[in-house]
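These are the residues of each chain, in order.
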Amino acid sequence: MATRTIVYVSHADGREIHVMEMNAETGNLSLLEKVAVTGVAMPMAVSPDRRYLYVGLRSEPYSVSSFRIDPDTGRIAFIATTRLPDNFAYISTDRAGRFLFGASFAGNKTAVNPIGPNGWVQERPVKVFDTPPAAHCVVTDPSNRFVYVPCRDGNGVVQLRFDAATGMISPNDPLFVPAVEGAGPRHLAFHPNNAFLYLLNELDGSAYVYAIDPTSGTLSR
């Protein structure tokens, strides 16, 4: 049986998720279903095992809705909605799918919430960590030992250590890697060989390439 490609699109003002299937030959999308949520739906994350979809809701009360993904159809079934510590512009999971990370652009923080064995995000965070202004993204490295948070108005990347057993994050040394003044760090992506990290800067339209130290997880441009 051919692998199906399912696309999930969040609609902020419509407060719903559109579930679509992509035609592998033409790229055309066909709508499978529309699923309502209780707030302004924006950032989303899929668990590493592709069993769950997490939808960040950026209207008060700030929260995340957890959905179970049907492995055959790609359709989603609601599990629960959980309060979060802040208004998160970006969410992601760790590489094992046991913790949900959030980056708060308005609140200048990142947070870690545990994910239960049934797939839904737990309300009490493991850690809330203050960042420089305008945290815009948060990702764990492929080894699941380090976390990086680009901060647009802080103009650099926060480097953290991550304990995958407990979900705790702590400062790496150094904690902060500055960008050129006015760059505006926003989003990150890893090279498939896991040796390099790419940073997209919003304000000056530049991209940085960092080498990742495999032992310390620290970045060098």
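Reading the values: rules and limits
- Residues numbered from 1 in each chain as written.
- Predicted model: local features only at pLDDT ≥ 70, side-chain atom pairs only at ≥ 80, totals over all residues.
- Heavy atoms only, no water.
- Helix = DSSP H or I, 4+ residues; strand = E, 2+ residues; numbered from the N terminus.
- Rg over C-alpha atoms; globule rule 2.2 N^0.38 Å.
- Buried < 20%, exposed > 50% of the residue type's maximum accessible area, 1.4 Å probe, protein only.
- Contact = heavy atoms within 4.5 Å.
- Areas by Shrake-Rupley, 256 points an atom, 1.4 Å probe, with all protein chains shown as cover.
- Lys, Arg positive; Asp, Glu negative; His and termini not counted.
- Charge placed at Lys NZ, Arg CZ, Asp CG, Glu CD.
- Phe/Tyr/Trp six-rings, centres within 6.5 Å; stacked < 30°, edge-to-face > 60°.
- Lys NZ or Arg CZ within 6 Å of the ring centre and 35° of its normal.
- Pairing = 2+ DSSP bridges.
- Axes fitted to C-alpha atoms, helices over the stretch in contact; angles between N-to-C directions.
- Salt bridge = Lys/Arg side-chain N within 4 Å of Asp/Glu carboxyl O.

Caption draft 1: Structural context of the overall build of the chain. Tallying secondary structure elements over the chain gives zero helices and 19 strands in all. By the compact-globule yardstick of 17 Å for 221 residues, the chain fits well, its C-alpha radius of gyration being 17 Å. C-alpha atoms of the chain, sized along the principal axes, occupy 45 × 40 × 35 Å. A burial count over the chain gives 47% of its 221 residues as buried. Expressed as a percentage of contacts within the chain between residues at least 6 apart in sequence, the contacts between residues at least 24 apart total 38%. Total accessible area on the chain is roughly 10600 Å²; 52% of this is exposed by carbon and sulfur atoms. A distance of 3 Å separates the average location of the 19 positive side-chain charges in the chain from that of its 21 negative side-chain charges.

Caption draft 2: Structural context of the environment of Ser206. With respect to the element layout, Ser206 can be found in the loop between β17 (196-201) and β18 (207-212). Expressed as a C-alpha distance, the spacing of Ser206 and His11, which sit 195 residues apart in the sequence, is 28 Å. Those residues in contact with Ser206, other than ones at most four positions away along the chain, are Leu199, Leu200 and Asn201.

Caption draft 3: Main features of the packing of aromatic side chains. Applying the stated criterion across every chain yields a total of five aromatic pairs. Look at Phe99 and Phe162: their rings are 6.1 Å apart centre to centre, the planes differ by 85 degrees, and that puts the pair in the edge-to-face class. Placement of Phe99 in strand β9 (residues 99-104) and of Phe162 in strand β14 (residues 156-162) is noted, with a sequence separation of 63 residues between them. Take Phe99 and Phe162: they sit in the same class, and that class is buried. Seen in terms of ring centroids, Tyr208 and Tyr210 are 6.2 Å apart; in terms of plane orientation they differ by 70 degrees. Their pairing is edge-to-face. Just as Tyr208 is buried, Tyr210 falls in that class too. A connected cluster of aromatic rings, assembled from ring pairs, spans Phe99, Phe101 and Phe162. Here Arg221 stacks its cationic end above the ring of Tyr208, 4.0 Å away from the centre of that ring.

Caption draft 4: Region of the structure containing the environment of Leu160. For Leu160, the location among the structural elements is in strand β14. Taking the C-alpha atoms as reference, Leu160 lies 8.2 Å from Val149; in sequence the two are 11 residues apart.

Caption draft 5: How the structure looks around the environment of Arg68. As for its position among the elements, Arg68 is in strand β6 (residues 63-69). The exposure class of Arg68 is partly exposed, given its relative accessible area of 40%. Residues Arg68 and Asn118, spaced 50 residues apart in sequence, show a C-alpha to C-alpha distance of 9.2 Å. Beyond its immediate sequence surroundings of up to four residues, Arg68 is in contact with Arg51, Tyr52, Arg75, Ile76, Ala77, Ile79 and Asn118.

Caption draft 6: Quick peek at the pairing of strand β7 (residues 76-83). Examined bridge by bridge, β6 and β7 share seven bridges and lie antiparallel to one another. By the bridge assignment for β7, Arg68 is matched with Ala77. Here β6 hands over to β7 after six residues, with Gly74 in that stretch at a positive phi of 80 degrees.

Caption draft 7: Broad picture of the sheet that holds β7. Across the sheet, four strands lie side by side as β4-β5-β6-β7; this open sheet has antiparallel pairing. Across the chains shown, the open sheet's two edge strands, defined by having one partner strand only, are β4 (41-46) and β7. This sheet shows a mean twist of 25 degrees between the axes of neighbouring strands, independent of strand direction. The pairing of strand β5 (residues 52-57) with β6 spans six bridges and is antiparallel. Across the sheet, residue Tyr52 finds its bridge partner in β6, namely Arg68.

Caption draft 8: Region of interest: the pattern of salt bridges. Overall, the coordinates contain six salt bridges when judged by the stated rule. Its salt-bridge partner being Glu202, residue Arg152 comes within 3.5 Å of it at the nearest N-O pair. Of the two residues, Arg152 is situated in the loop between β13 (146-151) and β14 and Glu202 in the loop between β17 and β18; the sequence distance between them amounts to 50 residues. For Arg152, a relative accessible area of 19% puts it in the buried group. One network of salt bridges, in which partners are shared, links Arg152, Asp153, Arg186 and Glu202.

By themselves, these observations are geometric and do not establish any function.
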